[in-house]
Amino acid sequence: MNENIKWFKEAQYGMMIHWGLYSLLAGEYRGQSSSSYAEWIQSKLQIPNAEYEKLATIFKPIYFDADEIVALAKEAGMKYLVITTKHHDGFAMYHSKVDTYNIYDATPFKRDIIGELAQACQKAGLKFGIYYSQDLDWHDPNGGGYLSNDIETAGTTWDNSWDFTGDKNFDICFENKIMPQIEEIMTNYGEIATAWFDVPMTLSDEQSQRIYDTVKKLQPNCLINSRLGNGKYDYVSLGDNEIPQDLTQTEGEVDYNAVDGLKPSPTGLYETAATMNDSWGFSYHDQNWKSPQTICDYRKHLADLGINYLLNVGLDGLGRVPLIARDNLLAAKKLMDEK
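Residues numbered from 1 in each chain as written. Predicted model: local features only at pLDDT ≥ 70, side-chain atom pairs only at ≥ 80, totals over all residues. Heavy atoms only, no water.

Colleague: So what's going on with the packing of aromatic side chains? Residues and values would help.
Modeller: The final tally for this structure, using the stated rule, is 17 aromatic pairs. The interplanar angle of 20° and the centroid separation of 5.0 Å between the aromatic rings of Trp19 and Phe64 together place this pair among those described as stacked. Note that Trp19 is positioned in the loop between strand E1 (13-18) and helix H2 (22-25) and Phe64 in the loop between helix H5 (54-57) and helix H6 (66-75), a separation of 45 residues in sequence. You can call Phe64 buried: its relative accessible area is 4%. (Phe/Tyr/Trp six-rings, centres within 6.5 Å; stacked < 30°, edge-to-face > 60°. Helix = DSSP H or I, 4+ residues; strand = E, 2+ residues; numbered from the N terminus. Buried < 20%, exposed > 50% of the residue type's maximum accessible area, 1.4 Å probe, protein only.)

Here it is as structure tokens:
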């Protein structure tokens, strides 16, 4: 673990990738726009699973090239890569034996892109991390989030309230899908450097602990982020695009399930995951790109505070890094080299 703590602290800069079925919609559905978070489009526009599933039948991203993406990350000065293995829509981007709603079984593409990226990172000397939505799952009738629908979201509700009404029991989803998929991911893809969990809304203290213990058992050196929930973590994920002025923490009781803010870090490690425009998933209508200078300035500021900068790229439906994202990453690297 100590070696991984040292590596993470020195890494400073990584690439996050949000990619899934939502990338095909690109922020638009039947004449309507998603919220600023295009990956939330199923919830925002309440797209029924029967309709959303049709995207899988045409998902064939012929230009996806793991080696090319990893080479870009490396050229941009990034030291690690974190990819969505399952986002809130419940669709797995790897060959899951737990649920056939995945990129291998449900699409004509029939490739395990998590495996391809893991291998590409290993070859290139980049550390490999995974994102997994451990609470929300809109494809599962017992997916989480239903206890928190009084809180504003980027969609309409945290759970799938349009397909699945009536009583829900997250424990069923947790036992039958969430835990078995986490075990798969932690077993089948070599060394996992970081586990990036998200929005703890429904998880009990015991469930967070069980995920934490399972990851540590299968990947002893894997660093787990604070969004696992209930105070079970190795390092602190700040809020989306959160750029603090300093490391001063607000006094008073810590809300360990808040996704933003400076919680105490047991390892002294912090990370800000951030977007290059406004959306995490690819979006046609979001052209609010951060300039190379802004990226450079944020990276330097965060590094000075000892906070890693995990900068997101939303691949399009064909598996490509948007050209402006590529250009801005490389231009930002050039600016960093000139400092």
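Colleague: I'd like a rundown of helix H9 (residues 205-218), residues and numbers included.
Modeller: With 14 residues, H9 ought to run about 20 Å at 1.5 Å a step, and its terminal C-alpha atoms sit 20 Å apart, in line with that. For H9, the set of buried residues is Gln207, Ser208, Ile211, Tyr212, Thr214, Val215 and Lys216. (Expected span 1.5 Å × (residues − 1).)

Colleague: Give me the sheet that holds strand E5 (residues 127-132): which residues, what numbers.
Modeller: Adjacent strands of a sheet form backbone hydrogen bonds with each other and so pair up, either parallel or antiparallel. Taken in spatial order, the eight strands line up as E7-E6-E5-E4-E1-E10-E9-E8 in an open sheet, and their pairing is parallel. In this open sheet, the two strands that pair with only one neighbour each are strand E7 (223-224) and strand E8 (236-237). By the bridge criterion, six bridges tie strand E9 (residues 270-275) to strand E10 (residues 307-314) in an arrangement that is parallel. Bridged to Tyr270 within E10 is Ile307. Contacting strand E4 (80-86) and E5, helix H7 (residues 113-124) crosses the sheet at an angle of about 170° to E4. (Pairing = 2+ DSSP bridges. Contact = heavy atoms within 4.5 Å. Axes fitted to C-alpha atoms, helices over the stretch in contact; angles between N-to-C directions.)

Colleague: Please give an account of the pattern of salt bridges that cites residues and values.
Modeller: In this structure the tally under the stated criterion is 18 salt bridges. With a closest N to O distance of 3.3 Å, Glu10 and Lys6 form a salt bridge. Of this pair, Glu10 and Lys6 both sit in helix H1 (residues 2-11), four residues apart, which is roughly one turn of the helix. The shortest N-O distance in the salt bridge between Glu51 and Lys54 comes to 3.2 Å. Given the relative accessible area of 22%, Glu51 is considered partly exposed. Residues joined in a network through salt bridges with shared partners are Lys86, Asp99, Asp137 and Lys177. (Salt bridge = Lys/Arg side-chain N within 4 Å of Asp/Glu carboxyl O.)

Colleague: An account of the packing of helix H8 (residues 170-188) against H9 is needed here, citing residue identities and associated values.
Modeller: Contact pair H8 / H9: the axes reach a minimum separation of 10 Å and the direction vectors enclose 20°. Considering their axes alone, H8 and H9 lie roughly parallel with respect to each other. The interaxial crossing formed by H8 with H9 has right-handed handedness. Contacts from Phe170, Asp171, Phe174, Glu175, Met179, Ile182, Glu183, Met186 and Thr187 in H8 reach Gln207, Arg210, Ile211, Thr214, Val215 and Leu218 in H9. (Parallel < 35°, antiparallel > 145°, perpendicular 65-115°, else oblique. Left-handed = near helix turned anticlockwise from the far one by under 90°.)

Colleague: So what's going on with unusual backbone geometry? Which residues, and what values?
Modeller: Here the phi dihedral of Gln12 falls at roughly 65°; this positive angle occurs in a residue that is not glycine. For Asn230, which is not a glycine, the phi torsion comes out positive at approximately 60°. Topologically, Asn230 is positioned in the loop between E7 and E8.

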